[in-house]
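Results of the structural survey
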Amino acid sequence: MLATPVRPRHDSHVGSPRTVSLHWEGKERLGAVPLPLAKGSSLRRWSLADGAGELIHGDNLVALRSLAKTHAGTVTLGYLDPPFFTGRVFDHVERGTRVKRAAFDDRWVDRAAYLEALAPRIEQLRALLAPHGSIVVHVDPKTSHYVKVLCDEIFGEDAFASEIVWRYRRWPTKTPNFQRVHDVLLRYRKDPAVAPRWNPLYEPLAASTLKTWGTTKQRAVFAKGENGSVRRARSSSTADPTAGAPMGDVWEIGVIAPVAHERTGYPSQKPEALLARLVTALSEPGDLVLDPYAGSGTTLAVAAKMSRRFIGIDASDLAIETIHKRLEVSAEAPPARARPASGERV
């Protein structure tokens, strides 16, 4: 008996596939003319002597445009942890004091202004990606759906690879709602036709799986049905040890403890364990990792530990100072293993 063909819903009203996009007043001007740079915009750079890492102080849009002249198509992993559209100024309080220093300003006229600032930076970073490269945009649930559609427009919907949910525990707040305990990481590939840089990650097997199959790999046993179709009939075990269960897209990683050695005090700092998963899965030793919102320098520190080359960019004086300390690079008197570059006019 032949199955009835399944037709798309509402096919009588659709002549050809249509795209879905964001719209706001003035969006049509976005990208038509490059955003003007501040008069006298300059960048200051520091490079490790071995050439493995570079830190850039200045507007990240200026820096990304500058890198397009020398690094187009060379970045394997781009990680962006931009402001979250919170409407707040984030301060850093020096440990043991009450002295506040501004880290970064997350106030915007409206959501359109936020997206207009983010879009050209994502576009510029996309141009720097190698064909096998990926970009990961780290946002929160209030903005993730807007940013996802924006990235669909920039990369193409077929370039979307995964949405990773980072779940964490924190002190509860009084609210007539479920507690917000996760962030969203959107991964896009530069070229869906090219095999991406990919190293599979694994997590421990469930207790029930271990009880039934032990610590060896399972093998699927298939059987033919009456109509000639092939289906999985059962599973059997092999003698090969298993690496675990392929990692899913919900990651439970704790936030940084107040007394943790890696804590810098920078307000938006992310745990090294989170970045280590991304760097491990989406790059190889020697690959170039770029973070245009470097903040506390977690991406750079993890890349250095894992033998990746890196470029970090940030406009915040406090962020640059924090990264210098974390990577043991002095802004005033660079040690022998690092060298400062003169300011670069763009």
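You'll find the structure just up there.
Scope of this entry: the structure provided in the associated data block. Here the structure is a predicted model, which is why all the values come from computation and not from measurement. (Residues numbered from 1 in each chain as written. Predicted model: local features only at pLDDT ≥ 70, side-chain atom pairs only at ≥ 80, totals over all residues. Heavy atoms only, no water.)

Some details on the overall build of the protein chain
- Tallying secondary structure elements over the protein chain gives seven helices and 16 strands in all.
- Taking all 346 residues of the protein chain together, 39% fall into the buried category.
- A fraction of 67% describes how many contacts in the protein chain between residues 6 or more apart in sequence connect residues 24 or more apart.
- Counting every atom, the protein chain has about 20100 Å² of accessible surface; 54% of that belongs to carbon and sulfur. (Helix = DSSP H or I, 4+ residues; strand = E, 2+ residues; numbered from the N terminus. Buried < 20%, exposed > 50% of the residue type's maximum accessible area, 1.4 Å probe, protein only. Contact = heavy atoms within 4.5 Å. Areas by Shrake-Rupley, 256 points an atom, 1.4 Å probe, with all protein chains shown as cover.)

Comments concerning the packing of helix α5 (residues 272–282) against helix α6 (residues 298–305)
- Where α5 contacts α6, the axes come no closer than 9 Å and their chain directions differ by 55 degrees. One element, α5, and the other, α6, form an angle in the oblique class. The interaxial crossing formed by α5 with α6 has right-handed handedness. Contacts between α5 and α6 involve Glu 272, Leu 275, Ala 276 and Val 279 from the former and Thr 298, Thr 299, Ala 301, Val 302 and Lys 305 from the latter.
- Residues of the contact of α5 with α6, tallied by class, amount to five nonpolar, two polar and two charged. (Axes fitted to C-alpha atoms, helices over the stretch in contact; angles between N-to-C directions. Parallel < 35°, antiparallel > 145°, perpendicular 65-115°, else oblique. Left-handed = near helix turned anticlockwise from the far one by under 90°. Nonpolar A, V, L, I, M, F, W, Y, C, P; charged D, E, K, R; others polar.)

Concerning the side chain of Arg 189
- The residue Arg 189 is located in strand β8 (residues 182–189) in this model.
- Buried within the structure, Arg 189 lacks any salt-bridge partner; its nearest side chain of opposite charge belongs to Asp 191, at an N-O separation of 6.7 Å.
- Within the local environment of Arg 189, its side chain forms a polar contact with the backbone oxygen of Val 194, the two atoms lying 2.8 Å apart.
- Arg 189 has contacts with Gly 133, Ser 134, Phe 155, Ala 159, Ala 161, Val 194 and Pro 196, leaving out every residue within four places of it along the chain. (Lys, Arg positive; Asp, Glu negative; His and termini not counted. Salt bridge = Lys/Arg side-chain N within 4 Å of Asp/Glu carboxyl O. Polar contact = N/O pair within 3.5 Å; in protein donor to acceptor, adjacent residues only side chain to side chain.)

Some remarks on the packing of aromatic side chains
- What the rule picks out here adds up to seven aromatic pairs.
- Ring plane angle 50 degrees and centroid distance 5.4 Å describe the contact between Phe 85 and Tyr 114, whose orientation is recorded as tilted. On the criterion of sequence distance, the pair formed by Phe 85 in the loop between β3 (75–80) and β4 (89–93) and Tyr 114 in helix α2 (residues 111–128) is long-range, its members being 29 residues apart.
- For Phe 85, a relative accessible area of 21% translates into the label partly exposed. (Phe/Tyr/Trp six-rings, centres within 6.5 Å; stacked < 30°, edge-to-face > 60°.)

Re the nonpolar core
- Membership of the largest hydrophobic core comes to 36 residues, with the highest contact counts inside it found for Ile 122, Ile 135, Val 137, Phe 155, Leu 290 and Ile 313.
- For this core, the elements supplying multiple residues, two or more each, are α1 (60–71), β3, α2, β6 (129–139), α3 (144–155), β8, β14 (288–291) and β15 (309–314).
- When residues in this core are grouped by element, the largest group, eight residues, is from α2.
- Within the second largest apolar cluster, 30 residues are counted, among which are Trp 166, Ala 281, Leu 300 and Ala 301. (Core = buried A, V, L, I, M, F, W, Y, C linked by side-chain atoms within 4.5 Å.)

So, the pattern of salt bridges
- As enumerated under the stated definition, the model contains 14 salt bridges in all.
- Lys 270 is the partner of Asp 81 in a salt bridge, and the nearest nitrogen-oxygen pair spans 2.7 Å. In this pair, Asp 81 sits in the loop between β3 and β4 while Lys 270 sits in the loop between β13 (250–252) and α5, placing the two residues 189 residues apart along the sequence.
- Overall, Lys 270 belongs to the buried group, its relative accessible area being 10%.
- For Glu 272, the salt bridge is made with Lys 305, and the minimal N-O distance between the two is 2.8 Å. Highlighted residues: Glu 272 in helix α5 and Lys 305 in helix α6, separated in sequence by 33 residues.
- Taking the relative accessible area as the measure of exposure, Glu 272 reaches 15% and is therefore buried.
- Judged by relative accessible area, Lys 305 falls into the exposed class, the value being 61%.
- What you see here is one network of salt bridges that share partners, running through Arg 167, Arg 169 and Glu 252.

Brief notes about the packing of α1 against α2
- In the contact formed by α1 and α2, the axes pass within 9 Å of each other and the chain directions differ by 20 degrees. Looking at the two axes, α1 sits roughly parallel to α2. Once α1 is placed against α2, the crossing between them reads as left-handed. The residues of α2 that touch α1, namely those facing Asn 60, Leu 61, Leu 64, Arg 65, Leu 67, Ala 68 and His 71, are Pro 120, Arg 121, Gln 124, Leu 125 and Leu 128.
- Of the residues in the contact of α1 with α2, the class split is seven nonpolar, three polar and two charged.

Remarks on the side chain of Ser 316
- Checked against the element boundaries, Ser 316 lands in the loop between β15 and α7 (317–326).
- According to the relative accessible area criterion, Ser 316 is buried, its value standing at 10%.
- Ignoring anything within four residues of it in the chain, the contact list for Ser 316 reads His 57, Ala 103 and Tyr 266.

Focus on the environment of Val 99
- Residue position: Val 99 is located in the loop between β4 and β5 (100–105).
- Leaving out residues up to four positions away in the same chain, Val 99 has contacts with His 92, Val 93 and Glu 94.

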